[in-house]
Structure formats: C-alpha cells, structure tokens
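Per-entry structural report
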Amino acid sequence: MRPHHALIPVSAALLFFLSGLSLTTACNKALCASDVSKCLIQELCQCRPTDGNCSCCKECMLCLGTLWEECCDCVGECNPKNYSDTPATSKSTVEELHRPIPSLFRALTEGDAPINMMVVSFPVAEELSHHESLVSFLETVDDPHQNVSLPGNSIHARYDSTQDNLCTVVYFDDCISIRQCKLYCESMGGSKYRWFHNACCECIGPECLDYGSKAVKCMNCLF
C-alpha cells in the first residue's frame, strides 16, 4: 500500500489540471474532464513527451481509450489543438448499431419527450439533400457529351421516393462520452448514432436513411 504522502503530488497535478481547464482553449473540458481526472489520479499520464520523457505514453493512451485523440493535449501528451480553426461542433463520429429495435425507438419518441432529451423530426428529403448535391456535382464534372447512367437504387431514386417521410432523432441535453452515446442509443433501440466532438450525442431513428442531422442541438452541450 502506498504511503499517504504519495497522493499529494497526484492531488496537486489534478488541482492544477482542473484549474487550468478554465484558462485554456486547447483542451475540450466538456468532453475530457472526467476521464482525464481518472487517469491523473491513477498516475498514468504524469510524463512529458515534450521534455523527452514518454515513459507513460502507452499507459496514458490506454487509459484515455477512444478519447485519446480529443484529450491527449489536456495531459500534455500531444500538441495543443486550435479549436478556433475547426470547432468541435463541426466534426462528428457516426456508427451503425447492429441490433436496432424500431418499435422501441418509436414508442420512446412519440408524444412528450423524456426528461433530459430533445426529439426532433424533419423530412428525410432534407437529410439526403447533401447527397443529392454531391451526385449532381459528380455528374457535372463528367464529360457533358457522355450519358450518365445511375442505378435504380441510387441516391436520386431514394431522394425522390422519400419526399414525405420523416427522420426522427434524439439529442441528449448534457455532454456525454462516445461510449455513453453508443450505449444510450442502443438502449433506445436506435439504428445509428452521431457523436459530435464537443460531446453532444444524437440517436438516429429507423426512418432516417443517412446519419440524421448535422446540427448540434444538445441544450447543455452546444460549444
């Protein structure tokens, strides 16, 4: 068992980190605070690669897991990120869920929204509109004298046949980790999820053909 005084440097480092979060824009505090605190308490991210000491780098990466890329700058393990150039809300990670339960998702999103969630519905045609623009662009850059043949199940066909359908998504009010986002969306029966890099989570319903909305609408997690 470690002596009690061994905890003092860890506590000092943790207090320094937590106080520094409010002073720097290079650390995504909404996303990283909880996991980084855990890793610091376990003394897994104490070295400084910029000073030539990378003895803890592997352990720190394993501790932060999927948050490594977004949070390594919070513990001085990588170069600080410039969030003013590419806001976290402009980037997202998407994934399909392998065992959706459409009936459960519909039941949970009908009527009044559950506490701490926002239910948003919009036309599927709106969801697919950026794909329509992309296909049109690809056609225009082709040889104008060459006929362009698109298969029957192309985006054009899907776009035309879904004019009246609605895509329903759920936003959680608070910031959550990507692991929590996936678990919550699975528990709701969602088909996919979109996790914005500011830690806003969007669960995507069965009627959506793409990955829902690219708009961040988590009430307490907008920046």
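Above this text you will find the structure in question.
Everything numeric here is computed off the predicted structure, so don't read it as measured data.

Looking at the state of the cysteines
Tallied over the full model, the rule gives 11 disulfides. Here Cys39 connects covalently by a disulfide to Cys63, the sulfurs 2.1 Å from one another. Note on the Cys39 and Cys63 pair: the S-S dihedral is about -100°, so by sign convention the disulfide is left-handed. Of this pair, Cys39 sits in helix H2 (residues 29-41) while Cys63 sits in helix H3 (residues 57-64), and the two are 24 residues apart along the sequence. One disulfide bridge connects Cys45 with Cys60, the sulfur atoms lying 2.0 Å from each other. Because the sign of the S-S torsion sets the handedness, a value of about 100° for the bond joining Cys45 and Cys60 places this disulfide among the right-handed ones. Here Cys60 lies in helix H3 and Cys45 lies in the loop between H2 and H3, a separation of 15 residues in the sequence. As far as burial versus exposure is concerned, Cys45 and Cys60 are alike and both buried.

Digging into the pattern of salt bridges
On inspection of all chains with the given rule, the structure shows five salt bridges. Close ionic contact of Glu95 with Lys182 constitutes a salt bridge, the shortest N to O distance being 3.0 Å. With Glu95 in strand S1 (residues 92-96) and Lys182 in helix H8 (residues 178-187), this residue pair connects regions lying 87 residues apart in the sequence. Lys182 sits in the partly exposed class, given a relative accessible area of 28%. In this structure, Glu207 engages Arg106 in a salt bridge whose closest nitrogen and oxygen atoms are separated by 2.7 Å. Of the two residues, Glu207 is situated in the segment after strand S5 (201-204) and Arg106 in helix H5 (residues 102-109); the sequence distance between them amounts to 101 residues. Each of Asp35, Lys38 and Arg179 takes part in one network of salt bridges that share partners.

Definitions and limits used
Residues numbered from 1 in each chain as written. Predicted model: local features only at pLDDT ≥ 70, side-chain atom pairs only at ≥ 80, totals over all residues. Heavy atoms only, no water. Disulfide = S-S within 2.5 Å. Helix = DSSP H or I, 4+ residues; strand = E, 2+ residues; numbered from the N terminus. Buried < 20%, exposed > 50% of the residue type's maximum accessible area, 1.4 Å probe, protein only. Salt bridge = Lys/Arg side-chain N within 4 Å of Asp/Glu carboxyl O.

Function-wise, these values are silent; they only describe arrangement.
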